[in-house]
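Residues per chain, in single letters:
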Amino acid sequence: MMPFDVSLIQRVGKEIEESGKRLQDYINAPNELQNELQKIEANMNSLNTLLQGTKAAGSNAGTIMPQ
């Protein structure tokens with residue numbers, strides 16, 4: 001059973017938020033945009049993997065809360 005890791009969600013959310021800020025403030029070239037989109041995609045894949053793992057575990061998936 002894969003635990004539902006709230007701290008992972010918060011960390012990934014923060015990384016996505018920081019990517020959004022970089023898109024608004026710093027991206028000036030296609031390669032910079034591509035690099036940032038790859039970071040966002042990797043973060044989204046992490047969230048999707050977590051979601052799929054908890055769906056497979058059903059409603060009994062444990063929750064890990066940040067400390």
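Keep in mind it's a predicted model, so treat the numbers as computed, not measured. (Residues numbered from 1 in each chain as written. Predicted model: local features only at pLDDT ≥ 70, side-chain atom pairs only at ≥ 80, totals over all residues. Heavy atoms only, no water.)

1. A look at the overall build of the protein
Along the backbone of the protein there are 2 helices and 2 strands. Tracing the protein from N to C terminus, the helices and strands come up as β-α-α-β. For the protein, the proportion of contacts with a sequence separation of at least 24, taken over those separated by at least 6, is 75%. (Helix = DSSP H or I, 4+ residues; strand = E, 2+ residues; numbered from the N terminus. Contact = heavy atoms within 4.5 Å.)

2. Digging into the pattern of salt bridges
All told, the structure shown has 3 salt bridges when counted by the stated rule. One salt bridge in this structure joins Lys21 and Glu17, with 3.9 Å as the shortest N-O distance. Of the two residues, Lys21 and Glu17 both sit in helix 1 (residues 6–25), 4 residues apart, roughly one turn of that helix. When salt bridges with common partners are traced through the structure, they connect Arg22, Glu36 and Lys39 into a single cluster. (Salt bridge = Lys/Arg side-chain N within 4 Å of Asp/Glu carboxyl O.)

3. Side note on the confidence of the model for the protein
Summing up the model confidence of the protein, the mean pLDDT is 84 and the portion of residues at 70 or higher is 79%. Per-residue pLDDT, averaged within each element of the protein, yields its smallest value for strand 2 (residues 63–64) (58) and its largest for helix 1 (93). (pLDDT = per-residue confidence, 0-100.)

4. So, the side chain of Asp5
With respect to the helices and strands, Asp5 occurs in strand 1 (residues 4–5). Of the side chains with opposite charge, Arg11 comes closest to the buried, unpaired Asp5, at an N-O distance of 5.4 Å. A polar side-chain atom of Asp5 sits 3.2 Å from the main-chain amide nitrogen of Leu8. (Buried < 20%, exposed > 50% of the residue type's maximum accessible area, 1.4 Å probe, protein only. Lys, Arg positive; Asp, Glu negative; His and termini not counted. Polar contact = N/O pair within 3.5 Å; in protein donor to acceptor, adjacent residues only side chain to side chain.)

5. Comments concerning a nonpolar patch on the surface
A grouping of Leu23, Leu33 and Leu37 is seen on the molecular surface, where their side chains present a nonpolar patch of about 220 Å² in accessible area. Take Leu33: it is sitting in helix 2 (residues 30–57). Given the relative accessible area of 36%, Leu33 is considered partly exposed. (Patch = residues over 30% accessible without salt bridge, like charges linked within 9 Å, V, L, I, M, F, W, Y side chains within 5 Å. Areas by Shrake-Rupley, 256 points an atom, 1.4 Å probe, with all protein chains shown as cover.)

6. Some points on helix 1
With 20 residues, helix 1 should reach 28 Å at 1.5 Å per residue; the first-to-last C-alpha distance of 29 Å fits that figure. Among the residues of helix 1, those classed as buried are Val6, Leu8, Val12 and Ser19. Seen from one end, helix 1 has its buried residues packed into an arc of 150°, which puts them on one side. Residues of helix 1 that are exposed and angled more than 90 degrees away from the buried face: Gln24 and Asp25. (Expected span 1.5 Å × (residues − 1). Arc of directions from axis to C-beta.)

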